[in-house]
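# Descriptive analysis of the structure
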Amino acid sequence: MQIRWLRSIGLLAAAWCVMTFTHEGGHIVGGWLGGATLRDAELGPWRLPYSIHEPDPRPLLTLWSGPILGAIVPLAAAAAIRRNWAWFIAYFCLLANGSYLAAAWISGDRFLDTPQLLAAGAWPASILLYIVVTVVIGYWGFRRALLAVLRGTADRAHCTGRGDERRDEA
């Protein structure tokens, strides 16, 4: 049983690293696609990652790319890998991105994504929709994946939700 808890802690650490890297990497990719100039960036997971783009001709593209790619990239990877541990990481990223936008909205800190999205002209309803979808799906999926890890089935193919599990053919 202790090994399962240790595995869960290790997966949480990995999920945090994946989430911070894909979220902030999304801002960098979005800024690049929108013609922004990257002035400074910190991608290390040991502190709050950031990227500063100046000038940024399309700030909404830069800002939305973080939470969108921060959710889509891990989900796409999990779909390709098809293992419960990968879904654990992907659903954590989904839940964390939505929770971050919600917490940033509540805090109002002008350096966080949600106040910057609002200042750049994002519709509050679009942010709220992103938060609701990612938190609901992320919570549901993360809870399921966490239970699979705690049961020791993290190396198996992802559960289909019908009580059976798909197994890869060797």
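A brief look at the structure comes next. (Residues numbered from 1 in each chain as written. Predicted model: local features only at pLDDT ≥ 70, side-chain atom pairs only at ≥ 80, totals over all residues. Heavy atoms only, no water.)

This next bit is on the overall build of the chain. A count of helical and extended segments in the chain gives five helices and two strands. Along the chain, helices and strands appear, N-terminal first, in the series α-β-β-α-α-α-α. Counting only C-alpha atoms and orienting by the principal axes, one finds that the chain spans roughly 50 × 30 × 30 Å. Partitioning the contacts of the chain with sequence separation of at least 6, the portion at a separation of at least 24 is 64%. With 15 positive and 12 negative side-chain charges, the chain shows a spacing of 10 Å between the two charge centroids. (Helix = DSSP H or I, 4+ residues; strand = E, 2+ residues; numbered from the N terminus. Contact = heavy atoms within 4.5 Å. Lys, Arg positive; Asp, Glu negative; His and termini not counted. Charge placed at Lys NZ, Arg CZ, Asp CG, Glu CD.)

So, on to the environment of Phe142. With respect to the helices and strands, Phe142 occurs in helix H5 (residues 124-151). Separated by 53 residues in sequence, Phe142 and Ile89 have C-alpha atoms that sit 8.0 Å apart. Setting aside chain neighbours within four positions, we find Phe142 in contact with Leu12, Phe88, Tyr91, Phe92 and Leu95.

Between the first and last C-alpha of H5 there are 40 Å, a value that for 28 residues agrees with the 40 Å anticipated at 1.5 Å per step. Those residues of H5 not exposed but buried are Ile127, Tyr130, Ile131, Thr134, Gly138, Gly141, Phe142, Ala145, Ala148, Val149 and Leu150. Where H5 is buried, its residues contact helix H1 (2-33), helix H2 (59-81), helix H3 (84-107) and helix H4 (113-119). Positive backbone phi, at 85°, marks Gly152, one or two positions downstream of H5. (Expected span 1.5 Å × (residues − 1). Buried < 20%, exposed > 50% of the residue type's maximum accessible area, 1.4 Å probe, protein only.)

With that settled, the discussion passes to the state of the cysteines. A full pass over the atoms with the stated rule returns zero disulfides. Between Cys17, a free cysteine, and Cys93, which holds the nearest cysteine sulfur, the sulfur-to-sulfur gap is 10 Å. On the basis of relative accessible area, Cys17 is assigned to the partly exposed category, the value being 36%. The exposure class of Cys93 is buried, given its relative accessible area of 0%. (Disulfide = S-S within 2.5 Å.)

A word on the environment of Arg151. Position of Arg151 among the secondary structure elements: in helix H5. Of the residues examined, Arg151 reaches a relative accessible area of 56% and is grouped as exposed. Along the primary structure Arg151 and Arg4 are separated by 147 residues, whereas in three dimensions their C-alpha atoms are 7.5 Å apart.

Turning to H1, a few remarks are in order. With 32 residues, H1 ought to run about 46 Å at 1.5 Å a step, and its terminal C-alpha atoms sit 46 Å apart, in line with that. Backbone geometry just after H1 places Gly35 at a positive phi near 85°.

Of note, Asn97 is situated in helix H3. Discounting residues that sit within four places of it in the chain, Asn97 has contacts with Met19, His23, Gly66, Pro67, Gly70, Ala71 and Tyr130.

As a further point, take unusual backbone geometry. Among all residues save glycine, negative phi is the norm, and among peptide bonds the norm is trans. With an omega of -10°, the peptide bond between Glu54 and Pro55 qualifies as cis. Looking at the secondary structure, you find Pro55 in the loop between strand E2 (50-53) and H2. Phi angles above zero are rare outside glycine, and Arg82 is one such case at about 55°. Mapped onto the elements of the fold, Arg82 is located in the loop between H2 and H3.

Before going further, it helps to examine the pairing of E2. Residues Ser51 and His53 of E2 are buried on one face, while the alternating residues Tyr50 and Ile52, pointing to the opposite face, are not. Of the strand pairs in this sheet, strand E1 (residues 38-42) and E2 are connected by four bridges, and their pairing is antiparallel. The residue bridging Ala41 from the neighbouring strand is Ser51, located in E2. (Pairing = 2+ DSSP bridges.)

Turning next to the nonpolar core. Buried together is how nonpolar side chains tend to be arranged in soluble globular proteins. Ranked by size, the top nonpolar core spans 27 residues in total, and within it Trp64, Phe88 and Leu117 carry the most contacts. Breaking this core down by element, the ones donating at least two residues are H1, H2, H3 and H5. Per element, the largest residue contribution to this core is twelve residues, and it comes from H3. Excluding its chain neighbours within four sequence positions, the residues that come into contact with Phe88 are Ser8, Leu11, Leu12, Phe142, Ala145, Leu146 and Val149. (Core = buried A, V, L, I, M, F, W, Y, C linked by side-chain atoms within 4.5 Å.)

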